Amino acid sequence: MAVKIRLARHGAKKRPYYRVVVADGRMPRDGRYIEEVGRYNPLTEPKTIQLDLEKIDEWIAKGAQPSNTVAHLIDIVRTGAPAPEKQQKLSKKAQAKAKEAAEAAAEGEE
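So, how was this worked out
- Residues numbered from 1 in each chain as written.
- Predicted model: local features only at pLDDT ≥ 70, side-chain atom pairs only at ≥ 80, totals over all residues.
- Heavy atoms only, no water.
- Phe/Tyr/Trp six-rings, centres within 6.5 Å; stacked < 30°, edge-to-face > 60°.
- Helix = DSSP H or I, 4+ residues; strand = E, 2+ residues; numbered from the N terminus.
- Buried < 20%, exposed > 50% of the residue type's maximum accessible area, 1.4 Å probe, protein only.
- Lys NZ or Arg CZ within 6 Å of the ring centre and 35° of its normal.
- Pairing = 2+ DSSP bridges.
- Contact = heavy atoms within 4.5 Å.
- Axes fitted to C-alpha atoms, helices over the stretch in contact; angles between N-to-C directions.
- Core = buried A, V, L, I, M, F, W, Y, C linked by side-chain atoms within 4.5 Å.

A look at the packing of aromatic side chains
Next, step 1: The tally for this structure, following the rule as stated, stands at one aromatic pair.
Next, step 2: Plain terms: the ring middles of Y18 and Y40 are 6.0 Å apart, the flat faces sit at 20° to each other, and that makes the pair stacked. Here the residue Y18 occupies a position in strand β2 (residues 15-24), and Y40 occupies one in strand β3 (residues 35-41), the gap between them amounting to 22 residues. Here Y18 and Y40 have matching classes, each one buried.
Next, step 3: It is K62 that lies over the ring of W59; its NZ or CZ is 4.6 Å from the centre.

A few points about the sheet that holds strand β5 (residues 65-66)
Next, step 1: As summarised here, the arrangement of the five strands in space is β4-β3-β2-β1-β5, forming an open sheet in which the pairing is mixed. Two strands close off the open sheet at either side, each with one partner strand: β4 (48-51) and β5.
Next, step 2: Bridge analysis of β2 against β3 gives five bridges, and the strand direction is antiparallel. Across the sheet, residue V20 finds its bridge partner in β3, namely G38.
Next, step 3: Strands in contact with helix α1 (residues 53-61) are β1 (3-12), β2, β3, β4 and β5; relative to β3, the strand with the most contacts, it is inclined by about 125°.
Next, step 4: Strand contacts of helix α2 (residues 68-79): β1, β2, β3, β4 and β5, with the helix running at about 90° to β4, the strand carrying the most contacts.

So, the pairing of β2
Next, step 1: Within β2, seven of the 10 residues are buried, which leaves the element mostly enclosed by the surrounding structure.
Next, step 2: Hairpin connection from β1 to β2: two residues lie between these consecutive antiparallel strands, with K14 at a positive phi of about 65°.

Quick word on the pairing of β3
Next, step 1: As defined by bridge partners, β3 adjoins β4 across four bridges and the pair is classed as antiparallel. Looking at β4, one finds that G38 is bridged to L51.
Next, step 2: Hairpin connection of β3 to β4: six residues between the antiparallel strands.

Structural notes on unusual backbone geometry
Next, step 1: Cis geometry is adopted by the peptide bond preceding P46, which originates at E45 and carries an omega value of 0°.
Next, step 2: Locating P46 in the fold gives a position in the loop between β3 and β4.

A short note on the nonpolar core
Next, step 1: The biggest cluster of nonpolar side chains holds 17 residues, and the ones touching the most others in it are I5, V20, V37, L51 and W59.
Next, step 2: Going through the elements one at a time, β1, β2, β3, β4, α1 and α2 are the ones with two or more residues in this core.
Next, step 3: Residue contributions to this core peak at four residues, all from α2.
Next, step 4: Once you skip the residues sitting within four places of it in the chain, L51 turns out to touch V20, V37, G38, I56, L73, I74 and V77.

What follows is the structure, encoded as structure tokens:
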């Protein structure tokens, strides 16, 4: 049985709230799990990350594999650093406007 430590999504539409769970890899994302080991709320300011590191370490010692996202959350909690903010990507139109504004500012300085 491949045991994974992963996120299970809860909350309303466009209002995600995650539980960090230990689950069989064959189970669906929000399906049956073995144990809940933490919670993650990306909507609060700052982002709320509550993990039981002792339980997570026990499961990893037993062979459970954390997902990439959960491994990143574990690193954040262990280092005590705040969760990095996701950078907003500009659309092509917004990039063009920003480029024009930068060029206009450069011409105005000369």
